[in-house]
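Chain by chain, the residues:
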Amino acid sequence: MNSLEQAEDLKAFERRLTEYVSCLQPATGRWRMILIVVSVCTATGAWNWLIDPDTQKVSFFSSLWNHPFFTISCVTLIGLFFAGIHKRVVAPSIIAARCRTVLAEYNMSCDDTGKLILKPRPHIQ
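Numbering of residues starts from 1 in every chain and runs along the sequence as written. Local features in a predicted model are, by the rule used here, given only for residues with pLDDT of at least 70; side-chain atom pairs are given and counted only at 80 or more, and totals for whole chains, interfaces and linings are based on all residues. Neither water nor hydrogens contribute to the side-chain values; these are computed over all heavy atoms in the structure.

Under UniProt, the name given to the protein chain is Nuclear envelope phosphatase-regulatory subunit 1, and the organism recorded is Danio rerio. Within the UniProt record for the protein chain, the comment given under Sequence similarities is "Belongs to the CNEP1R1 family." UniProt positions are given in the numbering used here, feature names are shortened, and annotations may be inferred rather than shown by experiment.

Structure below.
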């Protein structure tokens, strides 16, 4: 394989990688917004739950029953984590990190957008 074919292959690989990473960005942004909204709702509900003087006087489950906003947002947050939202909000970074691991064997790397970085060849003496 001559150097022109290698350059074309590298360009095609780079185009595909940047296309894939950029395709993940809108979904990642949506998942981040969902996580932020649910986290803020949970924090707000927790604050209201903790400052309520009746919280100390009743049982735990009664207290949760009296604060449905906190209960629902907390259950939603836990459900989102069980569904893997913590992986979805960083999906492009995971893809880039895995590509860096593979490309390191070929003296290459990539940035978070998928652009290839060619490293100089090591000098053997």
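Now that the structure has been shown, we can carry on.
## Remarks on the packing of aromatic side chains
Ring pairs shown here join Phe, Tyr and Trp side chains whose ring centres sit within 6.5 Å, with only the six-membered ring taken for Trp; geometry is labelled stacked below 30 degrees between planes, edge-to-face above 60, and tilted in between. A complete count under the given rule lists three aromatic pairs for this structure. Each ring, one from Trp-49 and one from Phe-70, has its centre 4.8 Å from the other, and the planes form 15°; the classification is stacked. Here Trp-49 is found in helix α1 (residues 3-51), whereas its partner Phe-70 is found in helix α3 (residues 68-82), with 21 residues between them in sequence. Judged by its relative accessible area of 14%, Trp-49 is buried. For Phe-70, a relative accessible area of 10% puts it in the buried group. Helix and strand assignments follow DSSP, with helices taken as H or I runs no shorter than four residues and strands as E runs no shorter than two, numbered in order from the N terminus. To sort residues, take the accessible area from a 1.4 Å probe on protein chains only and compare it with the maximum for the residue type: under 20% means buried, over 50% means exposed, and anything in between is partly exposed.

## A few points about the nonpolar core
Among the buried residues, those of types Ala, Val, Leu, Ile, Met, Phe, Trp, Tyr and Cys that are joined through side-chain atoms within 4.5 Å form a nonpolar core. Formed by Leu-17, Val-21, Cys-99, Leu-103, Met-108, Cys-110 and Leu-116, the largest nonpolar core amounts to seven residues. Of all the elements in the fold, those that place two or more residues in this core are α1, α5 (91-103) and β1 (108-110). In this description, contact between two residues means that some pair of their heavy atoms is separated by no more than 4.5 Å. Not counting residues within four places of it along the chain, the set of residues in contact with Leu-17 comprises Ile-95, Cys-99, Cys-110 and Gly-114.

## Description of the UniProt feature "transmembrane region" in the protein chain
When the UniProt feature table is mapped onto this chain, "transmembrane region" is found at residues 33-53 and 65-85. Taken end to end, residues 33-53 is 90% helix and 0% strand, and its first and last C-alpha atoms sit 32 Å apart. Between the C-alpha atoms that bound residues 65-85 the distance is 27 Å, and the span itself is 86% helix and 0% strand.

## So, the pattern of salt bridges
By convention in these notes, a salt bridge is any Lys or Arg side-chain nitrogen within 4 Å of a carboxyl oxygen on Asp or Glu. Using the criterion set out here, one finds two salt bridges in the structure. Salt-bridge contacts for Glu-19 lead to Arg-16; the nearest nitrogen and oxygen are separated by 3.3 Å. Residue Glu-19 and its partner Arg-16 are located together in helix α1, separated by three residues, close to a single helical turn. Note on Glu-19: relative accessible area 47%, which makes it partly exposed. Look at Arg-16 and you get partly exposed, because its relative accessible area is 47%. The salt bridge partner of Arg-100 is Asp-112, with a shortest N-O separation of 2.7 Å. Taken together, the positions of Arg-100 in helix α5 and Asp-112 in the loop between β1 and β2 (116-118) put the pair twelve residues apart, joining distant regions of the chain.

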